[in-house]
Amino acid sequence: MATKIIYFTVNGRPERAEFPVDCPSQDVKDLFRSAAEAGPHDILKLYNPKGNIINISPQLEPNAPDCCYQLEVVAADCNSVELALALGFDLSSMEKRLQGLEKKILVEAGETPAVVYEMKKQVDCFREKLESVEHLSWLGLFKELSDGTLKPSPFYHKKTLRKTREECDHVREKFLQMSSLEVSEEVRQYLKTPTFDNWQWEDAEIMVLLQVMYTDLDFIAAFNIEPDVLQDFLFQVYRHYNNIPFHNFKHCFCVTQMMYGLIWMTDLKSKLDAIDLLTLLTSAVCHDLDHTGYNNAYQINARTELALRYNDISPLENHHCAVAFEILEKTESNIFRNLTMEQYKRIREGIIKCILATDMTRHNEILNKFKSILPVFDFSNKEHKDVLMMILIKVSDISNEARPMEVAEPWLDCLLQEFYNQSDMEKLEGLPVTPFMDRDKVTKPSSQTGFIRFVLFPLFLELANLFPCLEQHILQPVQKALDYYTEMEEALEREKQSRAQSDKTRSQEADGEAPRSGQK
């Protein structure tokens, strides 16, 4: 039977553990517990040579005697006098009381109630978390991935457009405190899926997750990106997203997270080089910087400063690019500062192409170009790769409907709020009213059915033709979303017709036109 040999130290004492590769997790933990002479309730933590905490499990990587893991007992002797004095009560007496209470319940009820099993399960879960995180923190202990979806705040109108200094300083401090945390493997894997729920995460936490993406794609090592420079870059990005309902920092994260997921799901690491992947991820991060909540049509019709500056040509997207490179011009936030001139030139060109591709007026142009090269697509062809990268960011940018409905629907509410704000402003200023933003004409389902059927689905379909694995991950959820909103639209129409019929009947009765009983 194949076995693993693990070398580690306990209090400086060298130890050696050997176990079968298919050994149960609990047996492996018991083996290490025995080596540390630890009790059943003590908390163990295992560190790799880099000082990062790793799980004690059958998946441990075999190592050599000169590259030992370090095992520590970090929580033991909970019945000490010092702890009792600090807490104000004796834990051992409390444990005895709980045991007595449990026995009394068992005698009276005839069986252990489900709630007791649930409490024990939670205690075991908490112990496992203590053993798998380095800090007693949000990420390891209190962030439950199964939490219900948190709805977005409806109070954007009470916030200033630009983030205040106090708001930024608070988030920055929180982010820097969290930035050294070891993110669990569960979160890392979850981050690669389209089902990721952004509503569970605060802005500082989101910045940590963005940092994880750059790390897990090996950009830190490949491009010599210093951790403090990456952190400042992410903070500046956060600072330059505004307090608006939809095109905000959370949207930036969602687009980046979907891009990150696509990279892993389609195994792009084996098809594109690292520069292309860095271009894709950074483009997603920066693609809506300093968006004010009013689209290009408004910018052009209102003759805003942006429209004048960019001659009505993709004013928003050009502005997003400009803000991105203003951030990257500063040494302290320039994650590309260690690239060669040729690498920087290539990545700047790629980011500009990707961000400008998010202008929806170019949608058909880009999609038709992709469809024309799809039958002969060649990953070694630069023009083909450039078009693919534009398609990838377009898919990521409008990918909310590929997510679970409880994640996607709140985003639609945010988008409609932003749309309605614009149409209200257009009416107020006497500008042409954008039809799909008019609160008097647009409903939630009507805003989605046409968009999904004629824009989103055809785009996703072509990408899935190149990467068939995406059918289950993005095409099927989008089809479900279309069915959901189609059904909602039909229900609203039936309700509208029923109401109209009721109004007509009441009107006839009021006018004395309703037929009397027995009348022919």
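Look up a bit, the structure's there.
Residues numbered from 1 in each chain as written. Predicted model: local features only at pLDDT ≥ 70, side-chain atom pairs only at ≥ 80, totals over all residues. Heavy atoms only, no water.

Caption draft 1: Inspection of the overall build of the protein at higher detail. Across its full length, the protein holds 21 helices and five strands. Across the protein, contacts joining residues at least 24 apart in sequence account for 71% of those joining residues at least 6 apart. Carbon and sulfur atoms make up 53% of the accessible area of the protein, which totals about 27200 Å². (Helix = DSSP H or I, 4+ residues; strand = E, 2+ residues; numbered from the N terminus. Contact = heavy atoms within 4.5 Å. Areas by Shrake-Rupley, 256 points an atom, 1.4 Å probe, with all protein chains shown as cover.)

Caption draft 2: View of the nonpolar core. If you look at the biggest cluster of nonpolar residues, it comprises 113 residues, and the most contacted ones within it are F233 and F460. Of all the elements, helix 11 (residues 249-265) adds the most residues to this core, at 11 residues. Leaving out residues up to four positions away in the same chain, F460 has contacts with V395, I398, S399, A402, I474, L475 and V478. Among the nonpolar cores identified, the runner-up in size contains 18 residues, and I6, A17, V28 and L71 belong to it. (Core = buried A, V, L, I, M, F, W, Y, C linked by side-chain atoms within 4.5 Å. Buried < 20%, exposed > 50% of the residue type's maximum accessible area, 1.4 Å probe, protein only.)

Caption draft 3: Structural view of helix 19 (residues 405-429). Along its 25 residues, helix 19 runs 36 Å from first to last C-alpha, staying within 8% of the 36 Å computed at 1.5 Å per residue. Once helix 19 finishes, G430 follows within two positions and takes phi at roughly 70 degrees, a positive value. (Expected span 1.5 Å × (residues − 1).)

Caption draft 4: Local environment of the packing of aromatic side chains. The tally for this structure, following the rule as stated, stands at 19 aromatic pairs. When the centroid spacing of 6.1 Å and the interplanar angle of 50 degrees are considered together, the rings of F219 and F223 count as tilted. We classify F219 as buried; its relative accessible area is 0%. Taking the centre distance of 6.2 Å and the plane angle of 35 degrees together, the rings of F235 and Y238 count as tilted. Note that F235 and Y238 are positioned in helix 10 (residues 227-239) at a spacing of three residues, about one turn of the helix. Grouping aromatic residues by their ring pairs yields a cluster made of Y190, F196, W201 and F253. Just above the ring of Y238 sits the side chain of K163; from NZ or CZ to the centre is 4.5 Å. The ring of F235 has R172 lying over it, and the distance from NZ or CZ to the ring centre is 4.6 Å. (Phe/Tyr/Trp six-rings, centres within 6.5 Å; stacked < 30°, edge-to-face > 60°. Lys NZ or Arg CZ within 6 Å of the ring centre and 35° of its normal.)

Caption draft 5: Focus on the side chain of Q236. Mapped onto the fold, Q236 is located in helix 10. Dropping the residues within four chain positions of it, Q236 is found in contact with I327 and S333.

Caption draft 6: A look at the pairing of strand 1 (residues 3-10). Across eight bridges, the pairing between strand 1 and strand 2 (residues 13-20) is antiparallel. Within strand 2, the position partnered with I5 by the bridge is E18. The turn linking strand 1 back onto strand 2 is made up of two residues, and N11 within it adopts a positive phi angle of 50 degrees. (Pairing = 2+ DSSP bridges.)

Caption draft 7: Here's a closer look at a nonpolar patch on the surface. Where nonpolar side chains cluster on the molecular surface, the patch consists of M94, L98 and L101 and spans about 270 Å² of accessible area. For L101, the position within the fold is in helix 3 (residues 91-109). Under the relative-accessibility criterion, L101 is labelled partly exposed at 47%. (Patch = residues over 30% accessible without salt bridge, like charges linked within 9 Å, V, L, I, M, F, W, Y side chains within 5 Å. Salt bridge = Lys/Arg side-chain N within 4 Å of Asp/Glu carboxyl O.)

Caption draft 8: A look at helix 11. With 17 residues, helix 11 should cover 24 Å at 1.5 Å per step; its first-to-last C-alpha distance of 24 Å lies within 8% of that length. The element helix 11 is largely enclosed, with a buried count of 16 among its 17 residues. One side-chain oxygen of the residue at the start of helix 11 lies 3.1 Å from the amide nitrogen of K250, identifying that residue as N248. Residue D267 follows helix 11 closely and has a positive phi angle near 55 degrees. (Polar contact = N/O pair within 3.5 Å; in protein donor to acceptor, adjacent residues only side chain to side chain.)

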